[in-house]
Amino acid sequence: MLFAIICKDKAGALQTRLDNREKHLAYLAETGIVRIAGPFLEDGRMTGSMVVVEGDGIEVAKDWAANDPYAKAGLFEDVRITEWKKVVG
């Protein structure tokens, strides 16, 4: 099953994102369950994230999201996790 993790950054938290970006990118690669990922942009600046992970149930996605270095650094104002179905691409 695929799950979309949709995260909105806290206002004024760009430096937190930048400070933790390398750890976040390493986490994406090392966990082995990320299928697609990238930041949301506003006027070219990163303001959130969408990560699609694959696992047997939503608990896998919740665990992944909780252990993301961005989450541990307190970057996000809001995190939503929902089952997702790939249709194109």
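Residues numbered from 1 in each chain as written. Predicted model: local features only at pLDDT ≥ 70, side-chain atom pairs only at ≥ 80, totals over all residues. Heavy atoms only, no water.

## Focus: helix α2 (residues 58-67)
Part 1 of the reasoning: Burial in α2 covers these residues: A61, W64 and A65. Viewed end-on, α2 has its buried residues packed into an arc of 95°, placing them on one side of the element.
Part 2 of the reasoning: In the core, the buried residues of α2 are packed alongside β1 (2-9), α1 (14-31), β2 (34-42), β3 (45-54), α3 (69-72) and β4 (76-84). (Buried < 20%, exposed > 50% of the residue type's maximum accessible area, 1.4 Å probe, protein only. Helix = DSSP H or I, 4+ residues; strand = E, 2+ residues; numbered from the N terminus. Arc of directions from axis to C-beta. Contact = heavy atoms within 4.5 Å.)

## Looking at the nonpolar core
A general tendency of soluble globular proteins is for nonpolar side chains to be buried together.
Part 1 of the reasoning: Among the nonpolar cores identified, the biggest contains 16 residues, and I5, V34, V51, V53 and W64 are the most heavily contacted of them.
Part 2 of the reasoning: If you list the elements that add at least two residues to this core, you get β1, α1, β3 and α2.
Part 3 of the reasoning: If we skip the residues at most four places from it in the chain, V51 touches F3, A4, I5, L28, V34, I36, A37 and W64. (Core = buried A, V, L, I, M, F, W, Y, C linked by side-chain atoms within 4.5 Å.)

## A closer look at the packing of aromatic side chains
Part 1 of the reasoning: Under the criterion given, the structure shown has two aromatic pairs.
Part 2 of the reasoning: On the numbers, 4.7 Å between centres and 35° between planes, the contact of Y27 with W64 is tilted. With Y27 in helix α1 and W64 in helix α2, this residue pair connects regions lying 37 residues apart in the sequence. Assigned by exposure class, Y27 and W64 land together as buried.
Part 3 of the reasoning: When the centroid spacing of 6.1 Å and the interplanar angle of 85° are considered together, the rings of Y70 and F76 count as edge-to-face. Neither residue differs from the other here; Y70 and F76 are each classed as buried. (Phe/Tyr/Trp six-rings, centres within 6.5 Å; stacked < 30°, edge-to-face > 60°.)

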